[in-house]
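# Analysis of the macromolecular model
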Amino acid sequence: MSERNTPYLRAVLDSVPSYRPGRKVVGPGGRSVKLSSNESPFGPLAPVREAIAAAAAEANRYPDPAAAELTAAVARRFGVPEEHVALGAGSVGILQQLLEATAEPGAEVVYAWRSFEAYPLLVGLSGATPVEVPLRGETHDLDAIAAAVTDRTRLVLVCNPNNPTGTAVRETDLTAFLDAVPDHVLVVLDEAYREYVRDPGVPDGVELYRDRPNVAVLRTFSKAYGLAALRVGFLIGHPHVAEAVRKTMVPFAVNHLAQAAGVASLAAEAELMERVEATVGERGRVRGALLADGWTVPATEANFVWLRLDGDTLAFAAACEAAGVSVRPFAGEGARVSIGTPQENDAFLEVARAHPTRNR
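Owing to the predicted nature of the structure, the values given are computational and were not obtained by experimental measurement. (Residues numbered from 1 in each chain as written. Predicted model: local features only at pLDDT ≥ 70, side-chain atom pairs only at ≥ 80, totals over all residues. Heavy atoms only, no water.)

All right, on to the sheet that holds strand E12 (residues 334-338) then. The three strands lie next to each other as E9-E12-E11, forming an open sheet whose pairing is antiparallel. Single-partner strands in this sheet number two, and they are strand E9 (304-308) and strand E11 (328-330). Here the strands of the sheet are splayed against their neighbours by 20 degrees on average, with no regard to which way each runs. Note that E11 and E12 share three bridges and pair antiparallel. Looking at the pairing, Arg 328 lines up with Arg 336 of E12. Running at roughly 165 degrees to E11, helix H11 (residues 313-322) makes contact with E9, E11 and E12 of the sheet. (Pairing = 2+ DSSP bridges. Helix = DSSP H or I, 4+ residues; strand = E, 2+ residues; numbered from the N terminus. Axes fitted to C-alpha atoms, helices over the stretch in contact; angles between N-to-C directions. Contact = heavy atoms within 4.5 Å.)

Encoded structure:
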């Protein structure tokens, strides 16, 4: 019996893509600039580190399975009832919980493509059929997504701002889309990068969900809050959705350190958002420099920029890697480049300025 024909393994594993995380590389002189994973360049604030250290003293105990303190803190911060909040191991963990609650063979899940790379992986594992709707000008084509909804559709994912292009759909378009989606479909607004949005025309999903029972919002502590290593995110949705997500969570999935760090991060949010503002400033500087050098860079509301490179994508990524800078290439399409410290961004801009693609 060959390994690929082992009867106890699901056949779907042969077709599900593997998730490819951003790489860390080392270049000349030991330079290693990681701009491939959309991480915050800043470590946790002092009170957050103190909370993590205090929680570590209780690492021999299981965490609170209900994460009651963090749930209450999230509810207070966003002005929603606690029963509207569910937690998970990052927003991607919550997405898996949502799919376990909604998806099954014969059901369809609709999302834009290209978008977050985990979508096809998780949808495929759920047994549902993925329905991928091409982007229009690097942005969600909401009319086409609405047209792709059928009586088999269970879930629609709208990544806003979109990963990896950084583009965002605006309030008028999004509200019209939500109003057009039938009640039997759950729409999930994946807002992992919401804290970096500065365009006032881009809506806050937490405001949109309130009078729409079939709308839920995903947020994460991984990006703006700088807790990527701890894996904690949350959903805000109506009680029937939040309860389903809580039911499908692996017990103790949100560990004790993550819960403590999340509570402390929300308490220190004013100081933390100063760091976010610094990243937003660097985002503008990096994009402005790229535009001045002849690149075409769509406006971005996330903590990264997108370069459409088509067939030159892998060559550009290799040039960055040779200089000790890692970016996130999507072969045949383009590269996503996270915003790091000013020095890290300058290292990337040096490579981009020398690349021949910029003036095509």
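Let's shift gears to the packing of aromatic side chains. Across all of its chains, the model carries 11 aromatic pairs by this definition. An angle of 80 degrees between the planes, with centres 5.5 Å apart, marks the rings of Phe 116 and Tyr 119 as edge-to-face. By relative accessible area, which is 18% here, Phe 116 ends up buried. Taking relative accessible area as the criterion, Tyr 119 reaches 1% and is therefore assigned buried. (Phe/Tyr/Trp six-rings, centres within 6.5 Å; stacked < 30°, edge-to-face > 60°. Buried < 20%, exposed > 50% of the residue type's maximum accessible area, 1.4 Å probe, protein only.)

In this section: the side chain of Asn 162. By the secondary structure assignment, Asn 162 is in the loop between strand E5 (153-159) and helix H6 (171-180). In this structure the side chain of Asn 162 is engaged in a polar contact, spanning 3.2 Å, whose partner is the backbone oxygen of Arg 114. There is a polar contact of 3.0 Å between the side chain of Asn 162 and the side chain of Thr 165. (Polar contact = N/O pair within 3.5 Å; in protein donor to acceptor, adjacent residues only side chain to side chain.)

The next point concerns the nonpolar core. Counting residues in each nonpolar core, the largest one holds 59 residues, and the members touching the most others are Val 156, Leu 174, Phe 177, Val 187 and Phe 221. The biggest single contributor to this core is helix H2 (residues 68-78), with five residues. Summarising the domain contributions, this core has at least three residues from each of domain 1 (22-44 + 269-354) and domain 2 (46-268). What Phe 177 contacts, discounting residues up to four positions off in sequence, is Leu 142, Ile 145, Ala 146, Val 156, Val 158 and Val 187. (Core = buried A, V, L, I, M, F, W, Y, C linked by side-chain atoms within 4.5 Å. Domains from an automatic or database assignment.)

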